[in-house]
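In case you want the letters, here they are:
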Amino acid sequence: MSEEQTEQTVSLVDVLEEDEELEEEASAVLAGSDSDHCSYPQGYVKRQALYACNTCTPKGGEVAGVCLACSYKCHEGHDLFELYTKRNFRCDCGNGKFTELQCKLFPDKEEVNSLNKYSHNFFGEYCTCSRPYPDPDDKVEDEMIQCVVCEDWLHGRHLGCVVPDCVELQEMICESCMSKNPFLWTFAAHLAVPGESIEEVKEETAGTDESNMNLNQSEKVDDVMEPSSKRSRQETDLSCRLKELEATSQKRVQSGAVFWPSAWRSKLCSCNTCQKSLSEAGLSFLLDDSDTVLAYENKGKNSEQRQMGHDPLMSALDNLNRVQQLEIIHEYNDMKTELKDFLQRFAAEGKVVTPNDIRQFFEEQQSRKRRRVDAGRFYCA
């Protein structure tokens, strides 16, 4: 077997492990939202799983989003765009944006949710390239990463920077959002994940020696910012961290997306002036650690554990009628049989299974079945 073939092969264990990982991620996203009741009565939900219905609100018409429960109960069998999660959104299902559909779970809605924010994601377009995901015409394997400010999903190759390792443990702010909020560049110079776009500018100041300029980033952050636990509210209000950082010599090239490490939000300035500025910019959520997708997913995982293993996907299945349940179970068993036969052919011929083989199998499955009721379709890389 050639080295090239070896690099492209994948074992059945790899396939099963990847499948388990997808299920865990899908469960984390879904378990944080209610699969049985429309979220509209809760108002503008802090964060929830959302969908856009291309059947009811296609491109060129009204833009709208629906909650997890409505995607099951009111839009079953429709062409849905998965939006992953969005913040501060109120379910639109059946309101004035829908001309021929009434919400089955909570029909008494106002005509419009005026505080909802929409983007091209709601029409199935993502990134600065405005392409669909998955994109049938894109042959380049690339991950999609969500900006924590505008919440758009961008291709790694379109971020204008090198994507760091362990990106799933970090948050990203795209270049457009950074440029709209210039003060973020100051924080980025001290708090962001180092990358190729990092640049330190040495300014001539009295009494500054070369050794001070060679301190590593963590030492500089500690020098400038005391831990929040050591600061009283009065001290925070009297001293602005942003101004302290602006007075230092550490700068960053203002281009490309910026990646931020865990707990970076707790190190932002929360003085009265900065709180007011963040509020005016619509960025108050940056001071809230519970706003993060990671916090939302952990909430979903904890909820699932409290239910002692109860699967939220099975909860959705329980709410379908008997005919629909049997249909899904039958198709699931068919898929397992087809996958087994598919893998046995490779074993019989002594061939290895490559990632492309597995991908082709599931693409063929998806082309035959467009209804989005399985856990795998709720995942977004």
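A.B. asks: How do you make sense of the pairing of strand β1 (residues 45-53) when you look at a structure like this?
C.D. replies: For a regular strand, side chains alternate in direction, first toward one face of the sheet and then toward the other. When you tally the buried positions in β1, you get 8 out of 9 residues, the bulk of the element. Pairing between β1 and strand β3 (residues 80-89): 7 bridges, direction antiparallel. For Tyr51, the partnering residue across the bridge sits in β3 and is Glu82. Here 2 bridges tie β1 to strand β2 (residues 66-67), and the two strands are oriented antiparallel to one another. Along β2, the bridge assignment pairs Leu50 with Cys67.

A.B. asks: Please explain the pattern of salt bridges as it appears in this structure.
C.D. replies: Any two side chains of opposite charge can pair, so long as their charged atoms come close to each other. Overall, the coordinates contain 14 salt bridges when judged by the stated rule. The shortest N-O distance in the salt bridge between Asp288 and Lys46 comes to 2.7 Å. Residue Asp288 is found in the loop between α10 (272-280) and α11 (293-306), and its partner Lys46 is found in strand β1; the two are separated by 242 residues along the sequence. For Asp288, a relative accessible area of 24% translates into the label partly exposed. Taking the shortest distance from any N to any O, the salt bridge between Arg131 and Asp135 comes out at 2.8 Å. The class of Arg131 is partly exposed, set by a relative accessible area of 31%.

A.B. asks: I tried to follow the side chain of Glu151 on my own but got confused; where do I start?
C.D. replies: Its location among the elements puts Glu151 in the loop between β4 (144-146) and β5 (153-155). According to the relative accessible area criterion, Glu151 is buried, its value standing at 7%. In this structure the side chain of Glu151 is engaged in a polar contact, spanning 3.3 Å, whose partner is the backbone nitrogen of Arg87. Aside from chain neighbours lying at most four places away, what touches Glu151 is Arg47, Thr85, Lys86, Arg87, Asn121 and Gln146.

A.B. asks: Please explain unusual backbone geometry as it appears in this structure.
C.D. replies: The phi angle of most residues is negative, glycine excepted, and most peptide bonds adopt the trans form. For the bond from Tyr133 to Pro134, the omega torsion is -5°, close enough to zero to count as cis. The residue Pro134 is located in the loop between β3 and β4 in this model. The backbone of Tyr84 shows a phi angle near 65°, a positive value even though the residue is not glycine. The topology assignment puts Tyr84 in strand β3. Note on Tyr84: relative accessible area 11%, which makes it buried. At Cys127, a position not held by glycine, the phi torsion is positive, near 70°. Locating Cys127 in the fold gives a position in the loop between β3 and β4. By relative accessible area, Cys127 is classed as buried at 1%.

What counts and what doesn't
- Residues numbered from 1 in each chain as written.
- Predicted model: local features only at pLDDT ≥ 70, side-chain atom pairs only at ≥ 80, totals over all residues.
- Heavy atoms only, no water.
- Buried < 20%, exposed > 50% of the residue type's maximum accessible area, 1.4 Å probe, protein only.
- Helix = DSSP H or I, 4+ residues; strand = E, 2+ residues; numbered from the N terminus.
- Pairing = 2+ DSSP bridges.
- Salt bridge = Lys/Arg side-chain N within 4 Å of Asp/Glu carboxyl O.
- Polar contact = N/O pair within 3.5 Å; in protein donor to acceptor, adjacent residues only side chain to side chain.
- Contact = heavy atoms within 4.5 Å.

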